[in-house]
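Below are the chains, spelled out letter by letter.
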Amino acid sequence: MDLQGKKITVIGAGIGGLTAALALKQRGASVHVLEQAEAIKEVGAGLQISPNGMAVLKALGVDGALKKRAVRADAVELRDYAAGRLVSRLDLGLISENGPLHPTEYYFVHRADLIDVLAEAVRAAGVKVLLLQQVETVVPGDRPKVMMANGAEMIVDLVVGADGLHSKMRPVLNGTVAPFFTRQTAWRATVPNTMAHPDVAQVHMGPKRHVVSYPLRGGELVNIVAVQEQVGWAEEGWHIPDDPANLQKTFKDFGGAVRRMLTEVSDVRKWGLFRHPVAPVWHKDHCVLLGDAAHPTLPFMAQGAVMAMEDAWVLGDALEKAEDFASGLAAYHARRVGRVTKVVDTASKNAWKYHLSNRPLRMAAHMGIRMASTLAPRKMMGQFDWIYLHDVTKE
Ligand SMILES: Cc1cc2nc3c(=O)[nH]c(=O)nc-3n(C[C@H](O)[C@H](O)[C@H](O)COP(=O)(O)OP(=O)(O)OC[C@H]3O[C@@H](n4cnc5c(N)ncnc54)[C@H](O)[C@@H]3O)c2cc1C
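Analysis parameters
Residues numbered from 1 in each chain as written. Predicted model: local features only at pLDDT ≥ 70, side-chain atom pairs only at ≥ 80, totals over all residues. Heavy atoms only, no water. Pairing = 2+ DSSP bridges. Helix = DSSP H or I, 4+ residues; strand = E, 2+ residues; numbered from the N terminus. Near = heavy atom within 4 Å. Polar contact = N/O pair within 3.5 Å; in protein donor to acceptor, adjacent residues only side chain to side chain. Areas by Shrake-Rupley, 256 points an atom, 1.4 Å probe, with all protein chains shown as cover. Nonpolar A, V, L, I, M, F, W, Y, C, P; charged D, E, K, R; others polar. Buried < 20%, exposed > 50% of the residue type's maximum accessible area, 1.4 Å probe, protein only.

Visitor: I tried to follow the sheet that holds strand β9 (residues 107–110) on my own but got confused; where do I start?
Guide: By way of backbone hydrogen bonds, the strands of a sheet pair with one another, either parallel or antiparallel. Spatially, three strands are ordered β3-β9-β4 in an open sheet, and the strand pairing comes out antiparallel. This sheet does not close on itself; its edge strands, each paired only once, are β3 (46–49) and β4 (71–72). Relative to β9, β3 is paired through four bridges, and the arrangement is antiparallel. Across the sheet, Q48 pairs through a bridge with F108, a residue of β9.

And the structure:
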């Protein structure tokens, strides 16, 4: 389908929305983005961009700009919580899919830097990004209507709902389903890198808790995500401040580098981890969902933003290759739903592996991981080839 001149509204200037705006604009569409915030900004936090995400950024021509602001990851290290003893190290430098080894492109990036890179590219391409534009609802149809909280309305050819976890478009297509509280709470913070954190992602595994840490911005900062199993309720939302003392108290028996990291925390956000079903309906008439609006995921595979970027690319590609919107949106859904469902399920199953509370069981599990990563490191890493080595731009 020739997208030249087709009017497309993207709701949300987050990672998925900006990537979609760029992918659609590069194919000739007339795109504008509606963002409820007063500025395109991001909270201080890190993201891991695996090779499958870098493939999308490369196809859009923004990988070079991102690499200048990112840290290239050497490895993932699993460490025992008490003294930080190394249990296993999995090299990310070289990877293969039953063939010759080749270097990987696995990066750590500050969310604000990724958003900046995408926003600059989007504006340079001629996309209009309109701020302080809160969408109230959408009326699907051949010419869908976007209704704003300020009473304004607009009618376009296609509406892309990239409005995240609390999407306004998802319930229009799917109704509302209450999410399931996983009885896990997470904190996230960035701290100055006073502990000379290496260019690796470290997973510090303790009973019913784990901490993930990795460097950002040329190693200036360290990103921390700390997860605890708990029975009590915690609110879902990424911006709820908490007292750093609560984080420090919860992880006070963690030694090694974690102890140092946690003493550096002066500003921390806390949120409850919820499981949401993948949306049964992704598109109706000329309205379509992507990213967290369609399939929010737990953070344990670090793939939420990367899946949103993959969605965005495939949406542009599927529309360009289709004869009309209906077949293009159906093709987009068919190409994405299996993969994202598998990623969401894998993330849902992953946390317990780090959280064994029974000491002999934990020691045995750690021994197993150590032996597997020493004897068959490729096999250990290769279990995730289906995620990392898949390139949606070559589908
Ligand atoms: C602690 C943590 C760590 C993570 N780590 C990783 C990682 O390492 N790698 C990874 O790939 N993913 C990671 N993720 C997940 C990732 O951040 C999300 O999956 C991703 O941001 C989703 O992108 P999105 O564009 O769908 O939504 P969002 O980034 O949430 O963007 C939605 C946008 O829509 C706007 N909006 C919302 N409602 C409206 C409205 N009504 N009108 C107008 N605008 C609206 C919002 O203001 C926002 O700008 C992590 C998440 C968390 C919480």
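So much for the structure itself; the text now carries on.
Visitor: What should I look at first to understand the site of the ligand in this one?
Guide: Near the ligand there are 30 residues, and of these G16, E35, Q48, R111 and D292 occur at the shortest range. I15 places a polar main-chain atom, nitrogen or oxygen, 3.4 Å from an oxygen atom of the ligand. In isolation the ligand offers 1000 Å² of accessible surface; the protein chains occlude 90% of this area. Mapped onto the shell around the ligand, the elements with two or more residues apiece are α1 (15–25), β3 and α8 (304–321). Counted by class, the shell around the ligand contains 12 nonpolar, 12 polar and six charged residues.

Visitor: How should the pairing of strand β12 (residues 145–148) be read in this particular structure?
Guide: Successive side chains on a regular strand alternate, one facing one side of the sheet and the next facing the other. Of the two faces of β12, only the one carrying V146 and M148 is buried; K145 and M147 on the other face are not. Bridge count for strand β11 (residues 135–139) against β12 is four bridges, and the pairing is antiparallel. Its bridge partner lying in β12, V138 is registered against V146. Where β11 hands over to β12, the hairpin turn is made up of five residues, counted between the paired strands. Of the pairings in the sheet, the one linking β12 to strand β13 (residues 153–155) comprises three bridges and is antiparallel in character. When the sheet's bridge partners are listed, M147 is paired in β13 with E153. Connecting β12 to the antiparallel partner β13 that follows it, the hairpin turn spans four residues, and G151 within it adopts a positive phi of roughly 95°.

Everything listed here is a matter of coordinates, which is why it stays silent on function.
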